[in-house]
Amino acid sequence: MKATYFGQSCVQLELNGATVLLDPFISYNPLAKEIDIDTLMPDYIFLSHGHGDHVADVVHIQKNSGAQVAAIVETAAWVGRQGVDEAKITSFNFGGTLQTAFGSVKIVYALHTNQTPDGQYGGVAAGFVFKSGGKTIYFAGDTALTLEMKLLERYQIDWAFLPIGGHYTMDVEDAIIAADFIRCKNIVGIHYNTFPPITIDTQSAVAAFEKAGLTLHLPAIGGSLNL
Ligand code: NI
Ligand code: MN
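What comes next is a walk through the structure. The structure presented is a predicted model; accordingly, all values stated were derived computationally and were not measured. (Residues numbered from 1 in each chain as written. Chains lettered and ligands numbered in written order. Predicted model: local features only at pLDDT ≥ 70, side-chain atom pairs only at ≥ 80, totals over all residues. Heavy atoms only, no water.)

A closer look at the overall build of the protein chain
And step 1. Helices and strands together make up the secondary structure of the protein chain, namely five helices and 14 strands.
And step 2. Relative to the globule expectation of 17 Å for 227 residues, the C-alpha radius of gyration of the protein chain, 16 Å, shows essentially globular dimensions.
And step 3. Taken across its 227 residues, the protein chain has 56% of its residues classed as buried.
And step 4. Taking all contacts inside the protein chain whose residues are at least 6 apart in sequence as the whole, residues at least 24 apart take part in 59%.
And step 5. Where the 13 positive side-chain charges of the protein chain centre and where its 22 negative ones centre are 8 Å apart. (Helix = DSSP H or I, 4+ residues; strand = E, 2+ residues; numbered from the N terminus. Rg over C-alpha atoms; globule rule 2.2 N^0.38 Å. Buried < 20%, exposed > 50% of the residue type's maximum accessible area, 1.4 Å probe, protein only. Contact = heavy atoms within 4.5 Å. Lys, Arg positive; Asp, Glu negative; His and termini not counted. Charge placed at Lys NZ, Arg CZ, Asp CG, Glu CD.)

What follows is the structure in structure tokens.
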């Protein structure tokens with residue numbers, strides 16, 4: 001299985017027989033200008049919440065690919081208001097687990113705000129726990145450090161995608177504590193360096209994780225990791 005990073009919090013997972021795109025924000029991100037969104041053909045798109053830096057390209061990519069879009073109820077309703085076919089939208093809520101062809105996806109708590117681009121209530125921001133091909137992958141979305149993360153320990157997470165940029169989300173120091181809460185040593189950093197307030201020193205971030213006995217992976221935009 002493989003993960004490809006497209007900048008900000010946009011990650012594509014090649015899971016057991018399916019391509020899953022998370023939080024597409026590419027064409028509006030100057031750092032991701034080498035990525036052609038018309039080449040992306042995901043089977044599924046998951047949205048952690050409705051902020052623009054997570055949903056900007058969802059409608060375009062959905063129309064190209066016919067992907068099934070999944071999100072918490074109120075954010076999913078915004079996708080529907082953009083003219084995406086209702087049959088292609090899956091809305092669910094905390095406690096829920098989707099069973100899909102590639103495995104299961106549980107929607108989990110994130111400590112963040114949420115509004116859709118049309119100014120409507122987007123529901124509560126969320127993260128996702130994917131179980132596929134014998135691996136468990138946690139995508140935290142935008143979140144502060146929260147004790148709720150201790151509930152994820154029982155899923156035996158192999159890989160975690162955690163925000164590290166601070167200002168709007170956890171910073172490096174808090175993400176290291178989050179990694180301890182979820183008992184995961186393989187962290188992939190997201191939500192950093194896209195805008196001035198979330199710009200970090202990546203070398204000292206990697207060193208800080210290493211000092212805590214953890215590995216922080218920071219693939220280049222367009223770069224991949226084997227999971
Ligand atoms: Ni956000
Ligand atoms: Mn964000």
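There's plenty left to go through after this.
Notes on the coordination of the manganese ion (ligand 2)
Angles at a metal have ideal values that depend on geometry: 109.5 degrees with four tetrahedral donors, 90 or 180 degrees with six octahedral donors.
And step 1. Coordination sphere of the manganese ion (ligand 2), protein contribution only: Asp-53 (OD), His-54 (NE2), Asp-142 (OD) and His-191 (NE2), at 2.1 to 2.2 Å.
And step 2. Taken as an interatomic distance, the gap from the manganese ion (ligand 2) to the nickel ion (ligand 1) is 3.1 Å; Asp-142 donates to each of them. Residue Asp-53 is found in helix H1 (residues 52–55), and its partner His-191 is found in the loop between strand E12 (186–190) and helix H5 (202–211); the two are separated by 138 residues along the sequence. Comparing Asp-53 with His-191, the two get one shared label, buried. (Donors = N, O, S within 2.8 Å, 3.2 Å for Na, K, Ca; no water.)

Some remarks on the coordination of the nickel ion (ligand 1)
And step 1. Around the nickel ion (ligand 1), the donor atoms from the protein are His-49 (NE2), His-51 (ND1), His-112 (NE2) and Asp-142 (OD), and they sit 2.2 to 2.3 Å away.
And step 2. Its four donor atoms give the nickel ion (ligand 1) angles of 89 to 177° at the centre, a pattern that matches the irregular case.
And step 3. If you list the donors of the nickel ion (ligand 1) from N- to C-terminus, the spacing comes out as H-x1-H-x60-H-x29-D. (Tetrahedral: all angles 85-135°; square planar, octahedral: opposite > 155°, others 65-115°.)

Let's talk about the packing of helix H4 (residues 172–182) against H5
And step 1. Running from N to C, H4 and H5 cross one another at 30°; their axes reach a closest spacing of 10 Å. On the basis of their axis angle, the class for H4 and H5 is roughly parallel. Considering only the axes of H4 and H5, their crossing is right-handed. Facing Val-172, Ala-175 and Ile-176 of H4, the residues of H5 in contact are Ala-205, Ala-208 and Phe-209. (Axes fitted to C-alpha atoms, helices over the stretch in contact; angles between N-to-C directions. Parallel < 35°, antiparallel > 145°, perpendicular 65-115°, else oblique. Left-handed = near helix turned anticlockwise from the far one by under 90°.)

Points about H4
And step 1. Turning to H4, its buried residues number three or more, namely Val-172, Ala-175, Ile-176, Ala-178, Ala-179, Phe-181 and Ile-182.
And step 2. Contacts made by the buried residues of H4 are with strand E10 (135–139), strand E11 (159–163), E12 and H5.

Brief notes about empty space enclosed by the protein
The rolling of a water-molecule-sized probe over the atoms marks out the regions of remaining empty space.
And step 1. Applying the stated criterion across every chain yields a total of one cavity of 30 Å³ or more.
And step 2. What the largest cavity holds in volume is close to 40 Å³.
And step 3. As for the largest cavity, its lining consists of Ala-3, Thr-4, Tyr-5, Val-11, Phe-161, Val-188, Ile-190, Pro-219 and Leu-225.
And step 4. Mapped onto the lining of the largest cavity, the elements with two or more residues apiece are strand E1 (2–5) and E12.
And step 5. With three residues, E1 is the largest single contributor of residues to the lining of the largest cavity. (1 Å grid on protein atoms, 1.4 Å probe; cavity = no way out; pocket = protein on both sides within 12 Å on 5 of 7 lines; lining within 4 Å. Points joined across faces, edges and corners; volume = space filled by probe spheres on them.)

Some points on the layout of surface pockets
And step 1. Taken as a whole, the largest pocket spans an internal volume of roughly 180 Å³.
And step 2. Taken together, the residues of the lining of the largest pocket break down into eight nonpolar, one polar and three charged. (Nonpolar A, V, L, I, M, F, W, Y, C, P; charged D, E, K, R; others polar.)

Notes on the nonpolar core
And step 1. With 55 residues, the main nonpolar core has Leu-13, Phe-46, Phe-130 and Tyr-138 as its most contacted residues.
And step 2. With seven residues, H4 is the largest single contributor of residues to this core.
And step 3. Discounting residues that sit within four places of it in the chain, Phe-130 has contacts with Leu-13, Leu-15, Val-20, Leu-22, Phe-46, Phe-102, Ser-104, Val-105, Lys-135, Thr-136, Ile-137 and Phe-139. (Core = buried A, V, L, I, M, F, W, Y, C linked by side-chain atoms within 4.5 Å.)

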